[in-house]
Amino acid sequence: MSPVVRLATRDDAPVVGALRRAWTEEIAGGPIDDDDYDRVFAAWAERESHQRVTWLAELDAEVVGMLNLLVFTRMPRPQPASGPPPPGQWGYVANVYVVARARDAGIGTRLLDAVVAHADSHGFARLVLSPSERSVDLYERAGFVPATALMLRTPG
């Protein structure tokens, strides 16, 4: 069966939280004992819901992947009478994860296609992301290139 990508709803927050837990435990190499995680995640999801768009990937009616978009809305500015207004939003692509058993089936590509289509249809100025080494090829195939116009400050 072909994967289905859909927008997540607020009711999907526990599923998104479970994927985040699975991802973290995969990186850690085993279960993480955090009895408070579900409550903390639900509160975060509620706080962030006004500026986040999340897509879920389903395979055989099981959620096997996610992608999260943090939407930044630019401060308005006076507009000249002629010419189109500049884009009012840009997005940060984050938390792209596909469970191990469903990888290499095009799910990451389908999730990226969904976020790119959303950004294009909403006139975003740009999409940015911070790839893992393993994901660089996926993002390059989707048209992402290294950024040289941004600056970065790390703590310390």
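Throughout this document, residue positions are counted from 1 along each chain, in the order its sequence is written. The predicted nature of this model means local features are confined to residues of pLDDT at least 70 and side-chain atom pairs, given and counted, to a pLDDT of 80 or more, with totals for whole chains, interfaces and linings taken over all residues. Side-chain numbers come from the whole structure's heavy atoms, not from hydrogens or water.

Q: So what exactly am I meant to see when it comes to the overall build of the chain here?
A: Broken down by element type, the chain carries four helices and five strands. For the chain, the spread of C-alpha atoms along the three principal axes comes to 55 × 35 × 35 Å. Using a 1.4 Å probe on the protein chains alone, a residue whose accessible area is under 20% of its type maximum counts as buried, one over 50% counts as exposed, and one in between counts as partly exposed. Counting the 156 residues in the chain, one finds 33% classified as buried. What makes two residues a contact is simply this: any of their non-hydrogen atoms within 4.5 Å. Residue pairs at least 24 apart in sequence account for 66% of intrachain contacts in the chain once pairs closer than 6 positions are excluded. Methods summary: accessible areas were calculated by the Shrake-Rupley approach with a probe of 1.4 Å, and residue burial reflects only the protein chains presented. Total accessible area on the chain stands at roughly 10,500 Å², and carbon and sulfur atoms take up 56% of it. Neither His nor the chain termini are counted; the positive set is Lys and Arg, and the negative set is Asp and Glu. By convention, the point assigned to a charge is CZ for Arg, NZ for Lys, CD for Glu and CG for Asp. Looking at the chain, you have 16 positive and 20 negative side-chain charges, and the mean spots of the two groups are 8 Å apart. The secondary structure listing takes helices from DSSP runs of H or I that are at least 4 residues long and strands from runs of E that are at least 2 residues long, numbered from the N terminus.

Q: Looking at this structure, I do not really get the side chain of Ser135. What am I missing?
A: Locating Ser135 in the fold gives a position in the loop between strand S5 (127-129) and helix H4 (136-141). Ser135 gets classed as buried once you look at its relative accessible area, which sits at 12%. A polar contact is formed between the side chain of Ser135 and the backbone oxygen of Ser132, at a distance of 3.0 Å. Identification of polar contacts relies on pairs of N or O atoms within 3.5 Å, with a donor-acceptor requirement for protein atoms, meaning one able to donate a hydrogen and the other able to accept it, and with residues adjacent in sequence counted only if both atoms are side-chain atoms.

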